[in-house]
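The lines below spell out each chain.
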Amino acid sequence: MSKILYGYTALFDSPDGIMAAAQKTADDGFTKFDVHTPYPVHGMDKAMKVKPSKLGFVTLFFGLLGGALAMLFMYWTMAVDYPMVIGGKPLFPLPAFGPVTFEVIVLAATLSTVAAMIALFFYLPQNNHPLHDTDYMKNVSSDKYGLCIEAGDPLFDEKKVKTFLDAAGGKNITPIYNPDPVKYPLLQPRFLSVLLVVALSVSGLTYFTLNKLMYMPPFDWMSEQEKLTPQRTYRLFEDGYGMRMPVQGTVARGFMPYPYRDQPVLEEEGLANPLLATEEVLTLGKNKYNTFCSPCHGDHGDGDSRLRGYFPNPPSLHTPRAREWSDGQIYHVLTVGQNVMASYEPYTTREERWAIVHYIRALQRAKNASDADIQLVRSDNNAR
Amino acid sequence: MPDNIEYKKKEIPGSVEKIGWILLGLGVILGAVAFLVDSSRAFFTYLITFMFVLSVAVGALFIVALEYLAGADWSVPFRRIPEFFAGAIPFLALLVIPLLFGFHDLFHWTHTEDVEADKILQGKTPYLNEVFFIIRTVFCIGVWYIFYRLFTRNSRKQDETGDQLLTRKNITLSAIFIPVFAVTITIAAVDWLMTLEPHWFSTIFGIYFFSGSMIATLAAITLTAVLLKEKGYLHPKITNEHFYSLGALMFAFVNFWAYIAFSQYMLIWYADLPETTFWFLQRWEGPMMYISIGLIFVHFVIPYFGLVSLPSKTDPKRLKIMSVWLLFAHGLNLYWLIMPTYFSGKEVPVITWMDFTFPLIAIALFIIIFVIHAKKFNLMPVRDPKLRKGLDFHL
């Protein structure tokens, strides 16, 4: 089986020797050649006349991409999907996101640079280079300096290259052949089994560490410490309860407690309805009334509900007494209850109760409509 | 014994020194006028110049020590430039004197009646009192002066004797100097800049000042080195590639400054405590806002792009532009640190002719000091054991 020539290699003894040889090779017009040295030799780029590497653009691209993605991710999670105010800062606080963005830029830039470098060196998916596993490589990774002219060079001619390398002072001039191409190198059983072993041991170790090791002494002192847990007893409080009642008189933020709880609402004190009787409010009031009040007070407030006879009869809401009440007085009944009628505070919000009051007012007006009201409804109906 | 390197000293023409003296005369006269016109503002602008001279002089000594300690070769042919600039250290003792008369204008904490009514300032009096302040200033300048003498004495003696042990001695000296420098430069920054607002505090402030000082020092060294090479005063073996590390260091410190400045800002912004945020709010009032935004561009964005590529770090023309630019940026940085204290509660123009008078003194001082030293000593440490390697440097 005839092998395909990859190139010719030669070894040199000193950095000066390799420098001169590289210069000469480049001067003679060779373009596909490479130099291998045990450590970076300064000035080699210039001697070889290599163009500045394009790798930097990969770094730039992925760095910017990483930064943009990090910003987008933080923006999406913190400001759009689940907006969260932290420390009174705006939802998209640029300075706070700065460090994370910076770190992600660095991470993306480095990882992509390394990946691109490996890809360029090995011509992925090949994972082997013809120069690997040769005496040449062993020499240049210890104390020799090597030059390799590749067969792909347009000026390549076996005999000429040999004499050229000889004239340049090279020793151990040897041909290097391409290895037999391996089909699907990534699917070799040996590689796959190594991959499997690595994957299993890494995930097994991770599982063991996170789920077992951290719960064994002495690593458990974080989770086993004396601390307050909901629904558990807690030794440090006298009564042993872990969950505490708020201090007497605690008021929730943005909430005003009802001030007339234990006293009647006087008309002149002006507990006025804060809502306007808009269609929206009246609809809300109607819905809530039908849900909570109609079972006793009847659909139209006449006190003729289906519960009649099973319960102390509720009064009609159209009595002069109820009609002359101020909004605040009706609201007071809903909020604190009256005799057998319970308080509706636990089931309705403040706004809903005020909306119900508006609706009761509408019912009352309908039952005792004046001529003007009837006129109004008629013209309204005609207009429709 | 290192082999002797051929070096022919070329004298710097007297006209350069003359320019220095003319600038100095002009600066002193205009400065005197400034003090007569508005002494309060003059003290503040003078403080900018004083801190500028201090940062370049002491920073230069730090660069010398750093080179010894890191064992750098490339910088040996340039070492005399920071050595000469450090020659401004003795003059700090002279330059500080006018400021001692401006305590009352500059420092709120010297107003005893205000301190008595202020619990916080009372707590700070053990540190913030005039006597201890002056002791600290004298101590810092004294320590810098001693190290300056020791470093340069050894370095100059080597020119004559070629004794390699002198390099060893300076390495030991550097190891002692660098921690001392860290403490003294922090004291200087805290005393002369941070206590302008005695209620304010920032634990990163010393490093902030240091990072800016390094930029100015490196810019001054780069500018001088490029000019000297262009006019043929340096060794012919010095190529543009020798400038690479100077450019790289400038670039590094531009980034470092931005990093520190951002850290300081972000922590204060995040904690949002009124006792620290007011300092930044002061710098966001009226026209100061434009200067604050400008500082980000002048001190970071523009030099970043100006110095990021490889060719820009070896091209003398671009290096010259960038180093002049960065010297200006450091001046602006100091202006940004100092002037808002003067502006607070006043309706005064942000920039007047006064702001340009005192920098003349700084420029003149460095020219004169450099030329006088260059007359007396070699422009290159001719018998330094690392010199040959330094001259042979290439990328």
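Residues numbered from 1 in each chain as written. Chains lettered and ligands numbered in written order. Predicted model: local features only at pLDDT ≥ 70, side-chain atom pairs only at ≥ 80, totals over all residues. Heavy atoms only, no water.

Right, let's get into the packing of helix 12 (residues 244-271) of chain B against helix 15 (residues 316-343) of chain B. Residues and elements named next belong to chain B. Interhelical geometry of helix 12 versus helix 15 gives an angle of 30 degrees and a closest axis separation of 12 Å. By the angle class used here, helix 12 and helix 15 are roughly parallel. You can see that helix 12 and helix 15 cross each other, and the crossing is left-handed. Residues Gly-247, Met-250, Val-254 and Trp-257 of helix 12 form the contact with helix 15, whose own contacting residues are Leu-319, Ser-323, Leu-326 and Asn-333. Per-class residue counts for the contact of helix 12 with helix 15 are five nonpolar, three polar and no charged. (Axes fitted to C-alpha atoms, helices over the stretch in contact; angles between N-to-C directions. Helix = DSSP H or I, 4+ residues; strand = E, 2+ residues; numbered from the N terminus. Parallel < 35°, antiparallel > 145°, perpendicular 65-115°, else oblique. Left-handed = near helix turned anticlockwise from the far one by under 90°. Contact = heavy atoms within 4.5 Å. Nonpolar A, V, L, I, M, F, W, Y, C, P; charged D, E, K, R; others polar.)

Attention now moves to the confidence of the model for chain A. Residues with a pLDDT of 70 or more make up 96% of chain A, whose mean pLDDT is 87. Within chain A, the element-level pLDDT minimum falls on helix 12 (residues 371-383) of chain A, averaging 85, and the maximum on helix 7 (residues 189-212) of chain A, averaging 95. (pLDDT = per-residue confidence, 0-100.)

What follows is about the interface of chain B and chain A. Each side of the interface is counted separately: chain B has nine residues, and chain A has 10 residues. Interface area, chain B with chain A, both sides summed: about 860 Å², of which 71% is carbon and sulfur. Taken together, the connections running from chain B to chain A amount to two salt bridges. With a shortest N-O distance of 3.9 Å, Lys-89 of chain A and Asp-272 of chain B are connected by a salt bridge. Put simply, chain B and chain A have three residue pairs in polar contact (both at pLDDT 80 or more) between them. When grouped by side-chain class, the residues that make up the side of chain B that touches chain A number six nonpolar, one polar and two charged. (Buried area = accessible area lost by both parts, 1.4 Å probe. Salt bridge = Lys/Arg side-chain N within 4 Å of Asp/Glu carboxyl O. Polar contact = N/O pair within 3.5 Å; in protein donor to acceptor, adjacent residues only side chain to side chain.)

Time to look at the nonpolar core. Counting residues in hydrophobic clusters, the biggest one holds 137 residues, and the most contacted among them are Phe-50, Met-51, Leu-54, Trp-144, Trp-192 and Ile-338 of chain B. For this core, the leading source of residues is helix 2 (residues 39-70) of chain B, giving 21 residues. When near neighbours in sequence (up to four residues on either side) are disregarded, Trp-192 of chain B contacts Leu-47, Phe-50, Met-51, Val-96, Leu-99, Phe-103, Phe-107, Phe-133 and Thr-137 of chain B. Counting 24 residues, the second-largest nonpolar core is a separate cluster that includes Ala-10, Ala-47, Ile-149 and Leu-165 of chain A. (Core = buried A, V, L, I, M, F, W, Y, C linked by side-chain atoms within 4.5 Å. Buried < 20%, exposed > 50% of the residue type's maximum accessible area, 1.4 Å probe, protein only.)

This brings us to the domain arrangement of chain A. What the domain assignment reports for chain A is domain 1 (1-182), domain 2 (186-244) and domain 3 (279-383). Between domain 2 of chain A and domain 3 of chain A, the C-alpha centre-to-centre distance is 59 Å. (Domains from an automatic or database assignment.)

Inspection of the entire model under this criterion finds 58 aromatic pairs over all chains. Aromatic side chains Tyr-331 of chain A and Trp-354 of chain A sit 3.9 Å apart centroid to centroid with 5 degrees between the ring planes, which places their arrangement in the stacked category. Pair noted here: Tyr-331 of chain A is in helix 10 (residues 327-336) and Trp-354 of chain A is in helix 11 (residues 350-367), with a separation of 23 residues, a long-range link. Note on Tyr-331 of chain A: relative accessible area 3%, which makes it buried. When the centroid spacing of 5.7 Å and the interplanar angle of 45 degrees are considered together, the rings of Phe-85 of chain B and Phe-370 of chain B count as tilted. Placement of the pair is Phe-85 of chain B in helix 3 (residues 80-85) and Phe-370 of chain B in helix 16 (residues 358-376), with a sequence separation of 285 residues. Each member of the pair Phe-85 of chain B and Phe-370 of chain B is classed as buried. Aromatic rings pair up to connect Phe-62, Tyr-68, Phe-147, Phe-151, Phe-177, Phe-181, Phe-210, Phe-253 and Phe-256 of chain B into one cluster. Lying over the aromatic face of Phe-132 of chain B, Arg-136 of chain B brings its terminal NZ or CZ to 4.5 Å of the ring centre. Over the ring of Phe-251 of chain B we find Lys-313 of chain B; its NZ or CZ atom is 5.0 Å from the centre of that ring. (Phe/Tyr/Trp six-rings, centres within 6.5 Å; stacked < 30°, edge-to-face > 60°. Lys NZ or Arg CZ within 6 Å of the ring centre and 35° of its normal.)

As a further point, take the sheet that holds strand 2 (residues 33-36) of chain A. Residues and elements named next belong to chain A. The sheet built from four strands is open, its strands ordered 2-3-1-4 with antiparallel pairing. Because the sheet does not close on itself, it has two edges, and the strands there are strand 2 and strand 4 (171-177). Along the sheet, successive strands turn relative to each other by an average axial angle of 20 degrees, direction set aside. Note that strand 2 and strand 3 (residues 145-150) share four bridges and pair antiparallel. From the neighbouring strand, Val-35 faces strand 3, where its bridge partner is Leu-147. (Pairing = 2+ DSSP bridges.)

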